[in-house]
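Commentary on secondary and tertiary structure
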Amino acid sequence: FAVVGGGPTGVELAGTLAEIARHTLKNEFRHIDPSEARVRLIEAGPRVLASFPEDLSARARRQLEHLGVEVSTGTPVSDISELGYRLGDEFVSARTVVWAAGVAASPLGACLGVPLDRAGRVKVVPDLSVPTQPNIFIAGDLASIECNGKPVPGVAPAAKQMGRHVARMIRARLAGVTGESFRYRDFGNLATIGRMAAVVHFGRLKLSGLLAWWFWLAAHVFFLIGFRN
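Residues numbered from 1 in each chain as written. Predicted model: local features only at pLDDT ≥ 70, side-chain atom pairs only at ≥ 80, totals over all residues. Heavy atoms only, no water.

Brief notes about the sheet that holds strand β4 (residues 77-81)
In plain terms, the rule: If DSSP finds at least two bridges between two strands, the strands pair. A run of DSSP states H or I qualifies as a helix once it reaches four residues; a run of E qualifies as a strand once it reaches two. Both are numbered from the N-terminal end. Fitting a line to C-alpha atoms yields each axis, with helices limited to the stretch in contact; the angle taken between N-to-C directions then spans 0 to 180 degrees.
Read across the open sheet, the 3 strands follow the order β4-β5-β6; overall the sheet is antiparallel. The open sheet has two free edges, formed respectively by β4 and β6 (90-93), since each of these has just one partner strand. Looking at each pair of strands side by side, their axes are set apart by 20 degrees on average, direction ignored. Alignment of β4 against strand β5 (residues 84-87), held across 4 bridges, turns out to be antiparallel. Counted as the bridge partner of Ile80 is Tyr85 from β5.

This is the structure we're talking about:
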């Protein structure tokens, strides 16, 4: 297996695949040994989980390697075929290649005739409206905007904050009041790596390993709490 992309999605995928092969399915087959499966995580940048502090990134790499994942950084995948992938100038055979290095935005953005970023997202103005089209707002993965000098990530918490901001903007417009610029509040990062392993970054709080895994589990259960559930 090869997982391309060392962000939270790629890290979780690689860890899960290694865990399934070495633990879940290890004793389930007579003629093959799933634990011999080779799992490689490939990140073009210098380290995995680049959005996390460097020390947590290093711990995540060690936890992945403990699970049996080969971690490759610093060299991008230049081509993928049914036979494998090309890592720099080297071709590597692989039965399965999973892409976790991001996706292109919806082609709907290109219909607006306004500037787009490399991924095809619309470069919105600070209040999340479209340049030259102030009555059109964009929230979520199709919006490209920076806050405090950093791009707003394409994650669910950011999309939810954008949605609430757009709702406030529409109410303000209807009331004849000038709206305000969007401000993204980063509440922290969590990434699960595998069985009893994760990394957590909330402000000054940094956790890894079993304690981080319990924290990750509690946070996910907390967000599921509600009357319907």
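Focus: the packing of aromatic side chains
Where we set the bar: Under the pairing criterion, centres of Phe, Tyr and Trp rings, with the six-membered ring standing for Trp, must be within 6.5 Å; the plane angle then separates stacked pairs below 30 degrees from edge-to-face pairs above 60, leaving the rest tilted. Any residue under 20% of the maximum accessible area for its type is buried, any over 50% is exposed, and the rest in between are partly exposed; the area is computed with a 1.4 Å probe on protein chains only.
One pass over the full model with this rule turns up 2 aromatic pairs. Where Phe202 meets Phe215, the ring centres are 5.4 Å apart and the plane angle is 45 degrees; that geometry is what we call tilted. With Phe202 in strand β15 (residues 197-202) and Phe215 in helix α4 (residues 210-224), the pair connects residues that are 13 residues apart, well separated along the chain. Since its relative accessible area comes to 25%, Phe202 is described here as partly exposed. Each ring, one from Trp213 and one from Trp214, has its centre 5.3 Å from the other, and the planes form 80 degrees; the classification is edge-to-face. The exposure class of Trp213 is buried, given its relative accessible area of 16%. Given a relative accessible area of 48%, Trp214 falls into the partly exposed group.

Details of the pattern of salt bridges
Put simply, the test is: By definition, a salt bridge exists where a carboxyl oxygen of Asp or Glu is found within 4 Å of a side-chain nitrogen of Lys or Arg.
In total, this model carries 7 salt bridges according to the counting rule given. The salt bridge partner of Glu70 is Arg40, with a shortest N-O separation of 3.8 Å. Here Arg40 lies in strand β2 (residues 39-43) and Glu70 lies in strand β3 (residues 69-73), a separation of 30 residues in the sequence. Owing to a relative accessible area of 14%, Arg40 belongs among the buried residues under this scheme. Between Asp55 and Lys206 there is a salt bridge, with the nearest N and O atoms lying 3.5 Å from each other. One end of the pair, Asp55, is in helix α2 (residues 54-66); the other, Lys206, is in strand β16 (residues 205-208), and 151 residues separate them in sequence. Asp55 gets classed as partly exposed once you look at its relative accessible area, which sits at 31%.

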